[in-house]
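The chain contents come next:
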4 protein chains.
Amino acid sequence: MTKLSVAIVGASGYAGGEFLRLALGHPMLNVTQVTSERNAGTPVTFVHPNLRGRSNLKFIKASQLQACDVVVLALPHGHAAKRIAEFEGFAPIIVDLSADFRIKDLDAYRKHYGEDHPAPNQLSAWVYGNPELHREELRGATRIAGAGCFATSVILALYPLLKLGVPLPKDIVATGLVGSSAGGKDPTEGSHHPERDGSLRVYKATGHRHLAEVEQELPGRFPIHLTAIASPRVRGILATASVFIPDGYSERDVWGAYREVYGDEPFIRIVKVRQGIHRYPDPKLLDGTNFCDIGFETDQESGRVVVMSAIDNLVKGTAGHALQSLNIAQGWDETLGLEFVGLHP
Amino acid sequence: MTKLSVAIVGASGYAGGEFLRLALGHPMLNVTQVTSERNAGTPVTFVHPNLRGRSNLKFIKASQLQACDVVVLALPHGHAAKRIAEFEGFAPIIVDLSADFRIKDLDAYRKHYGEDHPAPNQLSAWVYGNPELHREELRGATRIAGAGCFATSVILALYPLLKLGVPLPKDIVATGLVGSSAGGKDPTEGSHHPERDGSLRVYKATGHRHLAEVEQELPGRFPIHLTAIASPRVRGILATASVFIPDGYSERDVWGAYREVYGDEPFIRIVKVRQGIHRYPDPKLLDGTNFCDIGFETDQESGRVVVMSAIDNLVKGTAGHALQSLNIAQGWDETLGLEFVGLHP
Amino acid sequence: MTKLSVAIVGASGYAGGEFLRLALGHPMLNVTQVTSERNAGTPVTFVHPNLRGRSNLKFIKASQLQACDVVVLALPHGHAAKRIAEFEGFAPIIVDLSADFRIKDLDAYRKHYGEDHPAPNQLSAWVYGNPELHREELRGATRIAGAGCFATSVILALYPLLKLGVPLPKDIVATGLVGSSAGGKDPTEGSHHPERDGSLRVYKATGHRHLAEVEQELPGRFPIHLTAIASPRVRGILATASVFIPDGYSERDVWGAYREVYGDEPFIRIVKVRQGIHRYPDPKLLDGTNFCDIGFETDQESGRVVVMSAIDNLVKGTAGHALQSLNIAQGWDETLGLEFVGLHP
Amino acid sequence: MTKLSVAIVGASGYAGGEFLRLALGHPMLNVTQVTSERNAGTPVTFVHPNLRGRSNLKFIKASQLQACDVVVLALPHGHAAKRIAEFEGFAPIIVDLSADFRIKDLDAYRKHYGEDHPAPNQLSAWVYGNPELHREELRGATRIAGAGCFATSVILALYPLLKLGVPLPKDIVATGLVGSSAGGKDPTEGSHHPERDGSLRVYKATGHRHLAEVEQELPGRFPIHLTAIASPRVRGILATASVFIPDGYSERDVWGAYREVYGDEPFIRIVKVRQGIHRYPDPKLLDGTNFCDIGFETDQESGRVVVMSAIDNLVKGTAGHALQSLNIAQGWDETLGLEFVGLHP
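Residues numbered from 1 in each chain as written. Chains lettered and ligands numbered in written order. Predicted model: local features only at pLDDT ≥ 70, side-chain atom pairs only at ≥ 80, totals over all residues. Heavy atoms only, no water.

1. Considering the relation of the copies chain C and chain D
- Of the transformation superimposing chain C on chain D, the axial component is 0.0 Å and the angular component is 180 degrees, with the fit at an RMSD of 0.0 Å. Such a combination of turn and shift is consistent with a two-fold rotation axis.
- In this assembly the copies share their binding face: 100% of the residues contributing to the interface of chain C also contribute to that of chain D. (Least-squares fit on C-alpha atoms with pLDDT ≥ 70 in both. Contact = heavy atoms within 4.5 Å.)

2. Focus on the sheet that holds strand β14 (residues 304–311) of chain C
Residues and elements named next belong to chain C.
- Strand order across the open sheet formed by 7 strands is β9-β10-β8-β11-β14-β13-β12, with mixed pairing between neighbours. Across the chains shown, the open sheet's two edge strands, defined by having one partner strand only, are β9 (201–204) and β12 (268–270). Strand after strand, the sheet turns through a mean of 25 degrees between neighbouring axes, direction not considered.
- Strand direction decides the pairing type here: strand β13 (residues 292–299) and β14, joined by 7 bridges, are antiparallel. When the bridges of β14 are listed, Asp-293 appears paired with Ala-310. (Pairing = 2+ DSSP bridges. Helix = DSSP H or I, 4+ residues; strand = E, 2+ residues; numbered from the N terminus. Axes fitted to C-alpha atoms, helices over the stretch in contact; angles between N-to-C directions.)

3. Notes on the relation of the copies chain B and chain C
- Superposition of chain B onto chain C requires a rotation of 180 degrees combined with a translation of 0.0 Å along the rotation axis, giving an RMSD of 0.0 Å.
- Interface residue correspondence from chain B to chain C reaches 100%, placing this contact among same-surface, isologous pairings.

4. Description of the packing of helix α7 (residues 149–163) of chain A against helix α10 (residues 251–262) of chain A
All names here are of chain A.
- In contact at an axis separation of 9 Å, α7 and α10 are set at 105 degrees when each is read in the N-to-C sense. Relative to α10, the element α7 lies roughly perpendicular. Contacts from Ile-155, Leu-156, Ala-157, Leu-158, Tyr-159, Pro-160, Leu-161 and Lys-163 in α7 reach Ala-257, Tyr-258, Val-261 and Tyr-262 in α10. (Parallel < 35°, antiparallel > 145°, perpendicular 65-115°, else oblique.)

5. Some thoughts on the state of the cysteines
All names here are of chain A.
- Taken as a whole and assessed by the stated rule, the structure comprises 0 disulfides over all chains.
- Cys-292 takes part in no disulfide bond, and the closest cysteine sulfur, belonging to Cys-149, lies 12 Å away.
- With relative accessibility at 0%, the residue Cys-292 sits in the buried group. (Disulfide = S-S within 2.5 Å. Buried < 20%, exposed > 50% of the residue type's maximum accessible area, 1.4 Å probe, protein only.)

6. Brief notes about the pairing of strand β14 (residues 304–311) of chain D
Residues and elements named next belong to chain D.
- Judged by how many residues are buried, β14 sits mostly within the fold: 8 of 8 residues are covered.
- Summarising the sheet, strand β11 (residues 237–244) and β14 pair through 8 bridges and their orientation is antiparallel. In the strand pairing of β14, Phe-244 is matched with Arg-304.
- Following strand β13 (residues 292–299), the chain reverses through 4 residues before pairing antiparallel with β14; Gly-303 in that reversal takes a positive phi of roughly 75 degrees.

7. Observations concerning the interface of chain C and chain D
- Contact residues are listed per partner, giving 50 residues for chain C and 50 residues for chain D.
- Buried surface at the junction of chain C and chain D, summed over both partners, amounts to about 4,000 Å²; 58% is from carbon and sulfur atoms.
- On inspection of chain C and its partner chain D, the count reaches 6 salt bridges.
- At the surface where chain C touches chain D, the tally comes to 30 residue pairs in polar contact (both at pLDDT 80 or more).
- Its residues placed into classes, the side of chain C that touches chain D shows 19 nonpolar, 15 polar and 16 charged. (Buried area = accessible area lost by both parts, 1.4 Å probe. Salt bridge = Lys/Arg side-chain N within 4 Å of Asp/Glu carboxyl O. Polar contact = N/O pair within 3.5 Å; in protein donor to acceptor, adjacent residues only side chain to side chain. Nonpolar A, V, L, I, M, F, W, Y, C, P; charged D, E, K, R; others polar.)

8. Description of empty space enclosed by the protein
- Inspection of every chain in the model, using the stated rule, returns 11 cavities of 30 Å³ or more.
- Its boundaries defined by the atoms lining it, the largest cavity holds a volume of some 1,400 Å³.
- If you go around the largest cavity, you meet 48 residues; those closest to its centre are A:Asp197, B:Asp197, C:Asp197, D:Asp197 and D:Pro232.
- Of the residues belonging to the lining of the largest cavity, the class tally is 23 nonpolar, 5 polar and 20 charged.
- Considering only enclosed or pocket space, the second largest cavity measures out at about 50 Å³ in volume.
- If you trace the second largest cavity, you find it lined by A:Val173, A:Ala174, A:Thr175, A:Thr240, A:Ala241, A:Ser242, A:Arg304, A:Val306, B:Val173, B:Thr175 and B:Thr227.
- At the level of secondary structure, the elements contributing two or more residues to the lining of the second largest cavity comprise β8 (172–178), β11 (237–244) and β14 (304–311) of chain A together with β8 (172–178) of chain B.
- A per-class count over the lining of the second largest cavity returns 5 nonpolar, 5 polar and 1 charged. (1 Å grid on protein atoms, 1.4 Å probe; cavity = no way out; pocket = protein on both sides within 12 Å on 5 of 7 lines; lining within 4 Å. Points joined across faces, edges and corners; volume = space filled by probe spheres on them.)

9. Overview of the UniProt feature "active site" (unreviewed entry) in chain A
All names here are of chain A.
- In this numbering, the UniProt entry assigns the feature "active site" (unreviewed entry) to Cys-149.
- Mapped onto the fold, Cys-149 is located in helix α7.
- If sequence neighbours within four positions are ignored, Cys-149 has contacts with Ala-182, His-210, Ile-237, Ile-311, Asn-313, Gly-317 and Thr-318. (UniProt positions renumbered as here; feature names shortened; annotations may be inferred.)

10. Considering the interface of chain B and chain C
- On the side of chain C, 19 residues touch chain B, which itself brings 19 residues to the contact.
- Both sides of the chain B and chain C interface together cover about 1,600 Å² of buried area, and 55% of this is carbon and sulfur.
- When the buried area of chain B at its contact with chain C is split by residue, B:His192, B:His193 and B:Pro194 rank highest and sum to 37% of it.
- Linking chain B to chain C there are 14 residue pairs in polar contact (both at pLDDT 80 or more).
- Top element by residues in the side of chain B that touches chain C is helix α8 (residues 193–196) of chain B. It accounts for 4 residues.
- In terms of residue class, the side of chain B that touches chain C is built from 5 nonpolar, 7 polar and 7 charged.

Structural data, given as C-alpha cells:
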C-alpha cells in the first residue's frame, strides 16, 4: 500500500516535533517536508535531537513547500486560519494542531481569542479531533482540528456523565496541573528554568480559553469552571474535577457510566485499583503515550465524585489524538504509530 | 533575660527537626534535649546535616528526659495524647505538633482518626495553634496544639470570608498540592524516589482528615470539600479554593475583606500584582519561611473567586506556627526565630 | 515463525519490569510467565502500571515456573549464580541481568563482590552482553550475562581508543551521574523522596564494583578511576571521562577512531554538532531508548579529551542491551523491540 | 553604631538580588538604592517576590544614583571595569560581583575573556574576595572583587593540599555540577524549562574561564583541568576533584591538612561521617547558606583522593563571600548577615 506523503508546517515547535516523532514510526505515513522559518537549512535533529539516526530531514521554509498528501499545521494560534487557502493548495488533507478551527461558535471564538474568526466560512468543514466523541464524523474527514490539551483532559473526564444524562445538581470545578511544554518552544521569563523549576504557580485562575471547547463539547446542562496551574513537569496534565451526583446515584452507577462509554476505547484506561500507590491516574506514567487514564473516587456522604484524568499534553493532548483522528479518517487501525506504552519508573 | 530550656521529643523527624532548626536561631530558647529512640547516642547532625556547625546536641531516649521549661512533642499521631501525663511531668509548657489535641469534638475525632480520643479530659486545656484565628487565647497559653499543614493553608485562605459573614451561595472545593515531606521521615513505596519523582498523584481524593480542623475553625455555613495531590516538591503546599460570592459582591469587596482581616498580620502577605510571573502565591518562594502568601482572582461573570494560598508545610504548616504561637504565649515579639525571608530564585 | 516463550524471574523489579516492557513489543517473543515472590497472584499492572491495557499477566512464584524457551533472571546479585542449576532446568536459553556471570576473573569477583563466586565452573559458558564488543561471540549464545549500567557507559565511551591502540599517557578519570532507578525497587533512607529529590550526592567516590567490568573489557594499558554520583533523575547515566591523548594526536584522529569503531552500530550515535544546546550527549533524550550517545571535546593545549556518554541505565544499561544481545544470539534483526526513539522535550 | 548605606547596581539580577536579600538582614548595612535599567520605577518585590514585606525599595536607573557608603556592582562581565571611574564617584567602598577585577594577569584575562582588560591600572587596588585565602589582605580593603562560583568550589576543595606543599604526582581533574541560576536572569534556549528540566548536559567540557582564577589562586605546581556540567538544580555546585597523593601519604595526612588549614573557618565544614546518606557534601543542604562543605575519600591502592566540595553558587559562590569579605574589611563579625543554616529536608 502506498504511504501518504506528509508535510509538517512549523515542525520546529513542540507540537510539530511530536507529530514528526509519531509519524516517523507510522507504517502508512512518509514525512517528506518539514518547515521552520528560523531553522530552514538545518537538520531536524538540530532542534529535535531525539531523532538522531532516525531522520535525515532538513527544515525548509514554508515558501518552499511542494504538493503532498497531508499537510499538518503546527503554527501559533491564528496563523492557520489566516493562511488556510494557501495550505489547501498543497494537499487534499489538512490537520491543524492550533486552536483555529476548533470553535464552531463565532461569539465564543471572539470572546476567548479576542478577535473575529479569520475564516468563518471554513469552520463547517472541520471535524473536532477528539476520537472518543467524534469518531463517526472523523471517518473520511479531510479537515481535522486537533483539540486543546487541557480541554481534552477535562472533556474526557466528564463526557460519560453528560452522555448518559446524569442530572448533576451543582457546578463543576476542574483544576489542571499542566506541564511546561504546553507553553511552547519560545523562552520567556516564566519558562526560565531558575524561575519555573520547583514552582507551583496558578497561571490561569479563571477564564481559560479551553473553556470554549469544553462548553462546546459538553453542552448545556452544568456550569464548569477551570483553573490551570503550572506544574514542575515538562509533559503531562493531571485534571481533577469535582462533580456532585444526585441522591440515589451510587459509585456503582458512576462506574457503569464510564465503562459503558469508554469500554471499547483503545486509548482510554479506566484506572481504579483499591490500593497501592498507582490507584489513580498519574501523568508520569504517560510521557510519550497516547493514553488518557481516568479514575474517580466517590464521597457518598456529600455526593461528591472526584474525577481524575491524566494525559501527555503533547500526545493525547495534541499530536497523538490528531494522528489517531487521521487514522480513523483514513480507515486505518486507530493505534498505528501510537503503540508506545510508557515507562515505569 | 533567661532563656527557656527546651526538649524536643521525636526530634529526628521532619517536624521535630524543623522546630529544632528554628529554635536554634531563637534568642529566648535554648534547646537542651532532643530525643529519638532509633538514633539515641548519635549527634543530631547525623540526621539533620544542615545543623553541622550549629549544634552539638546528641539524641537521647525519651526515658532519659529531664525537667525543662518547654517540651515540644513531635511524635506520630496518637502518641502524645496517650503519654501526655508522662510529658507533663517534665515541663510546665507543652507544644504538640501532632493532631492529638487539635480536634475539640470527640465525634469528629473518632470519625477522622478512627478511634476514641485517648485523653478527652485534656482537650479543653489546649489552644489550637493558629495565631491568626486564636491570638488572644494563645496569650499565656501553656498547651499549644500545632495545627495541620493542609488545614492551615485552607483555613487561612477562607477565614476572612467567613469572619465577615459573606453569604456564600455554593459549596467550596479546595485542592491542595502537597510536598513529599508532609509524609514524614519513613521511606515507603510511595516515597521511593523513582516512584515519586515527577509524579502528580492524588493521594486523598475525598475525606482528608484535615477537614475536621477546617470545619472546626470555619464553622457552620458553607460545605467545604478537600482533595489532596502529591506534588513533586519536597516542601510546600499550594491550596486553591473555588468560592462563589453572592450577587452584588465585587472583587473590591473581597479585597477589602482580606485587607481588613489580615492587614496587620506579620506572616500573611496578600499577593496581588496585576502582571508578571509572580502575580499569585507560589510555595517555591516560601521554603524555610513562616509566611502564608494569599492571592485571589475573581470571575465576575460566574461569581467565582479562586483563592490561592501557599505555605511551607513544615514551617507555617507545622513548626513555624507552633513557634509563633509560643512567642505569643510568652509575650515575645511574634517574629522571633522566624525571620528567614526565603529565596529567589 | 514461532515466537519464543519467555519467563521473567524477578519481574516486579525495575530491570525485570523493563525487560517485560520491551519484550511485550517484540515480534518474536511471547512473555508467558513473570515471577515475584512478594506479588504472586496480583496482575503485573499493579506493580508496573504503564502496562495497563497491554498485559494481563499475573505474577507467580518462582516455584510455579514451567518449561519455556527463554528464562530471564532479574534477581538481586548473587541469587542467579546460586540457583543456576534450577533455572537451567526450565529453558535452553538463559539471560541474566545481575552481576553474577559478568566477571570472568575469580579474584576480581571476590575483590569486588566480597565472596567467592558461587558457580565458577559455569562462567566460561556465559557471554558478556555488550553487543558492540562481543557481537561475534553472541551469535548463537545461550547464556547471556547482561552488562552493568555504569560499566556500559564507561566501556562504550572509551573502547575505540583502546581498540585502535592509542598510547594514552595518563590515568583516566571517569565520573558517572546515575539516576535513582539504578538503586532498585526497595525504598531506603537514601531513596526517600524528601532526601533524594534535588540532591547531588556522591555515593561511590572510589572502588565502584563496575570497575571490575571496565578493567575486564578494556584490559591492560591505562589505569581507570571511577566516581559515581547520584543525580536527581530517575533514569539515565551521563559519564564524562578525561582522557589524555599523546602528542601528535589531533581531534581529527579521535573522531576517526570513534567513526571507525562505531560507524555501523545501530544503537551508538556519535553526537557532535558545533553549536546549540544539544551539542553533547544528554540522558534526558534517551529515557526508554536503547541508544548510547557519545560525544567529546578536545583541549589541544593540554591534550585532554573529555569523552561523554549517555544511556538509559535500565535500557542500554540493563534490559535493552540484554535484548539486543538476545536478538544477535537468535540471528534476528538487532533492533527488534528496541525501536523507541525517545522524547523531546 | 551608624549603618553603612549601600547601593546595589544591577539589583534585578540573581547576584544583585541575593546581595540585597543578605544585606536586608545585616545589622550594619542599610540598602538605600537599587538600580535596574529595565525595571526602574517598579518595586524590587516585582522582580524578587521573596522580599515582599521586607523591603519597600523601588528600582532606579543607574543615572539616578546618589552618594552612599558602599556601591555593590552586579553587572554583566565587562561593564564594571569600563565604568569604574563613574562608580568610584559615588562611594568610597566598591564591591564588584563580576569577573572584571578578579584576574591579575593581563594575558590570562585576555585569553579567557577574549579582550584586553578595560582598566588594567585599577587591578592592583582590588582584593580577590576569597576570605579563606585572602583574609589578611581583606582587612580594611575598599575594593573587593567577588570570586567566581565554580572557581570558589574548586579552589576551596584543593587549597589545603597546595598550602601544605603536598607534592602531587599527577594531573588534577575536577568536575562541577552547576545549577541553572549560574547562567543568570535572561531566558535562553538552554534555560527554557522544557529543555533544561531533567537535563544533564556538559556545557563547558574544557577551557572554562574560571580556570584563570583557579590557576591564579593555586599557582604553579600541578595542572588542573575543569569540566562544567549543567545540573537540574537551580542553585548549588558540587565539585569533585580527583587528586593523586604521593606514596607515603595516608588518609590521615589528608585529614590533617584540611583540619589544619580550615579548622577555624566559620563557613567551611569538613564533612566526613563514616556512614549514612549524608556522609559527603551535598549542595541541596546549602541553598541560601554561606557554607562550603568539603569531604573526601581516599583509595589507598591507587593513591587517588576524591575531594568533594559543595556550595550555593549565589551565596558562598557570589554574594555571600562578597559580604563575608566586606565584613572582614570593616572589622565586623565575619558571619553578620550570613547566619542562615539551611534546610533539611
